[in-house]
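Chain and residue survey
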Amino acid sequence: MAKIAFIGLGNMGGGMAANLAKAGHDVVAFDLAEAALERAKANGCTIADSAEAAVEGVDAVVTMLPAGKHVAGVYRDSVLGKAPKSAILMDCSTIDVATAKQVADEAAFAGYAMVDAPVSGGIAAAEGGTLTFMVGGSDEGFVKAQPYLEKMGKAVIHAGDAGAGQAAKIVNNMLLGATMAATCEAFVLAQKLGLNPQTFYDISSKASGQSWSMTSYCPVPGVGPETPADRGYEGGFAAALMLKDLKLAMEAAQAAGAYTPMGGEAEELYQRFVDRGGANKDFSALIQMIDDSWTPPA
Ligand code: NAD
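If you're wondering where the values come from, they're calculated on a predicted model, not measured in any experiment.

What about the site of the ligand?
Taken together, 22 residues lie around the ligand, and N11, M12, D31, L65 and K244 are the ones closest in. One nitrogen or oxygen atom from the main chain of N11 is found 2.9 Å from an oxygen atom belonging to the ligand. Contacts to the ligand include D31, whose side-chain N or O atom sits 2.6 Å from an oxygen atom. Compared with its free state, where it exposes 830 Å², the ligand has 83% of that area covered by protein. Put simply, the ligand lies in the largest pocket. Only α1 (11–22), α4 (68–79) and α11 (239–256) provide two or more residues apiece to the shell around the ligand. In terms of residue class, the shell around the ligand is built from 11 nonpolar, 8 polar and 3 charged. There are two domains that each give the shell around the ligand at least three residues, and those are domain 1 (3–161) and domain 2 (167–290).

In structure tokens, the structure reads:
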């Protein structure tokens, strides 16, 4: 079994590190937060005093950090030149494409194989080991990373070269943000036009307006399969994280010279929702802001 350094044991990383330990790996964990370290210890990980100490003599490094600046800082200060050159480096955080490419370049220059491997799936999927990984990097890097990622997920897909995993993740979430916003406004309009939400769902989910946001994650309580809407919009995928991903997508679109008006509109809507206090609500709760007079059907 391999020795793996795991840096960043928050909501997502905590469950992922536990699954690597459960698979029999020797997981050496580091986080800045004491509570995260305690949880990792309880889940079978060994605790390190620093990121540098965690990467000593390992076969693999996994990072699950908040944003690009944390990822660049940890790799530059504590991983590159400190971990063995044979170690495969896997950053599973969701970060901007430019930083992902830059850190991968620096890793390659220092003699390491590195992949960006952001995930689809939330805290429950991280705990259950059912994440989907979108992987950017060389064929060699992908082959080395795959066996580790498979212990934390249900699907591991090679998206392309360095940065391609992040690109796939943020473009997918831009599409999700835009379809959720459109689905929310469709239900509000349908109700204002006198349609029963269940009836509208029955029709549209079998017609051309169908999307994952409607049929698998319906923002209306009591309609469609059970979703966060049925739990007061608690749990699920926080609106603040959707906003983060939309901002990353808009940044990437600007850098690439792509015209993304729907993504821009979704970003603006989620910004307004977060500003009004919706940050920790599930992202489908946007329906409550689309029309303040809208109330879920009894
Ligand atoms: P989190 O804030 O719960 O965890 C991040 C952890 O990183 C924290 O425990 C923090 O103490 C630690 N950290 C920060 N800087 C550090 C450093 N320099 N050294 C060591 N530890 C450090 O965040 P999360 O919800 O676990 O998300 C992690 C990443 O996964 C983010 O990029 C997020 O966008 C992405 N993501 C989250 C979800 C979700 O549902 N939460 C879903 C998909 C992707």
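Okay, back to it.
Quick word on empty space enclosed by the protein
Over the atoms, a rolling probe the size of a water molecule traces out where space has been left empty. Taken as a whole, this structure holds 1 cavity of 30 Å³ or more when the rule is applied. Volume-wise, the largest cavity comes out at about 40 Å³. If you go around the largest cavity, the residues you meet are V71, D91, I95, A100, V103, A104, M114, V115 and D116. Going through the elements one at a time, α5 (97–109) and β6 (113–116) are the ones with two or more residues in the lining of the largest cavity. Taken together, the residues of the lining of the largest cavity sort by class into 7 nonpolar, no polar and 2 charged.

What about the layout of surface pockets?
The computed volume of the largest pocket comes to approximately 1,200 Å³. Looking at the largest pocket, it is lined by 42 residues, and the ones nearest its centre are M12, M64, T94, F237 and L241. Among the secondary structure elements, those contributing two or more residues to the lining of the largest pocket are α1, α4, β7 (119–120), α8 (164–192), α10 (212–215) and α11. Of all the elements, α8 adds the most residues to the lining of the largest pocket, at 6 residues. For the lining of the largest pocket, the domains that each give at least three residues are domain 1 (3–161) and domain 2 (167–290). Roughly 260 Å³ of internal volume is contained in the second largest pocket. In terms of lining, the second largest pocket is formed by 16 residues, of which the most central are V97, I170, A249, A252 and A253. Elements that contribute at least two residues to the lining of the second largest pocket include exactly α5, α8 and α11. Counting residues per element, the lining of the second largest pocket draws most heavily on α11, at 7 residues.

Topic: α5
Over its 13 residues, α5 extends 18 Å from the first C-alpha to the last, a length consistent with the 18 Å expected when each residue adds 1.5 Å. Every buried residue of α5 is accounted for by V97, T99, A100, V103, A104 and A107. Angular distribution of buried residues about the axis of α5 spans 165°; they occupy a single face of the element. Residues of α5 that are exposed and point over 90 degrees away from its buried face: A98, D105 and F109.

Concerning the pairing of strand β5 (residues 88–91)
A two-sided burial pattern is seen for β5, the buried positions comprising I88 and M90 on one face and L89 and D91 on the other. For strand β4 (residues 60–63) and β5, the ladder comprises 4 bridges, and the chain directions are parallel. If you follow T63 over to β5, its bridge partner there is D91. Taking the sense of rotation as the criterion, the β-α-β connection linking β4, α4 and β5 turns out right-handed.

Some details on the environment of M64
One can find M64 in the loop between β4 and α4. M64 sits 84 residues away from Y148 along the chain, and the two C-alpha atoms are 14 Å apart. Ignoring sequence-local partners within four residues, the contact set of M64 consists of F6, I7, G8, M12, G13, M16, C92, S93 and V119.

Describing the packing of α11 against helix α12 (residues 261–278)
Between α11 and α12, the least distance of the axes is 9 Å, while the angle of their chain directions is 145°. Judged by the twist between their axes, the crossing of α11 over α12 is left-handed. On the side of α11, the interface is formed by A239, A240, M242, L243, L246, K247 and M250, while α12 contributes G263, G264, A266, E267, Y270, Q271, F273, V274 and G278.

Considering the environment of P219
With respect to the element layout, P219 can be found in the loop between α10 and α11. Each C-alpha atom, one on P219 and one on L175, is 16 Å from the other, the two residues being 44 residues apart in sequence.

Some details on the pairing of β4
In β4, alternate side chains face the same way, and those of A60 and V62 on one face and V61 and T63 on the other are all buried. The sheet contact formed by strand β1 (residues 3–7) and β4 spans 4 bridges and is parallel. Counted as the bridge partner of A5 is V61 from β4.

Rules used throughout
- Residues take numbers from 1 onward in each chain, read along the sequence in its written order.
- At least 70 in pLDDT is required for a residue's local features to be given in this predicted model, at least 80 for side-chain atom pairs to be given and counted, and no such filter applies to totals for whole chains, interfaces and linings, which use all residues.
- Working from all heavy atoms in the structure, the side-chain values ignore hydrogens and water.
- Here a residue is considered near a molecule or strand provided that any single heavy atom belonging to it is located within 4 Å of it.
- Definition of a polar contact: a pair of N or O atoms within 3.5 Å, with one able to donate and the other able to accept a hydrogen when the atoms are protein atoms, and with sequence-neighbouring residues admitted only if both atoms are side-chain atoms.
- Every accessible area reported is derived by Shrake-Rupley at a probe size of 1.4 Å, with residue values counting cover from the shown protein chains alone.
- A cavity here means a set of 1 Å grid points, computed over protein atoms only, where a 1.4 Å probe fits but cannot escape. A pocket is an open set with protein on both sides within 12 Å along at least 5 of 7 lines, and lining residues have an atom within 4 Å of a point.
- Grid points define the cavity or pocket, and a molecule sits in it when more than half of its atoms lie within 2 Å of them.
- Every helix listed is a DSSP run of H or I at least four residues long, and every strand listed is a run of E at least two residues long, numbered separately from the N terminus.
- Asp, Glu, Lys and Arg are counted as charged, while Ala, Val, Leu, Ile, Met, Phe, Trp, Tyr, Cys and Pro are counted as nonpolar; the rest, among them Gly, fall into the polar class.
- Per the annotation, domain bounds derive from an automatic or database assignment of domains.
- Grid points are joined across faces, edges and corners, and a volume is the space filled by probe spheres set on the points.
- A helix is expected to reach a length of 1.5 Å times the quantity of its residues less one.
- Each residue is placed in one exposure class: buried if its accessible area under a 1.4 Å probe, protein chains only, is under 20% of its type's maximum, exposed if it is over 50%, and partly exposed if it falls in between.
- Note: the arc covers the axis-to-C-beta directions of the helix.
- The pairing criterion is simple: DSSP has to find at least two bridges between the two strands.
- Looking down the strands as they point away from the viewer, one classifies a crossover as right-handed if the path from the first strand across the helix to the second runs clockwise.
- Residues are treated as being in contact if the distance between any of their heavy atoms lies within 4.5 Å.
- Interaxial angle, 0 to 180 degrees, is taken between N-to-C directions of lines fitted to C-alpha atoms, where a helix line uses only the stretch in contact.
- Crossing handedness follows the turn of the near helix against the far one: under a right angle anticlockwise gives a left-handed crossing, and clockwise gives a right-handed one.

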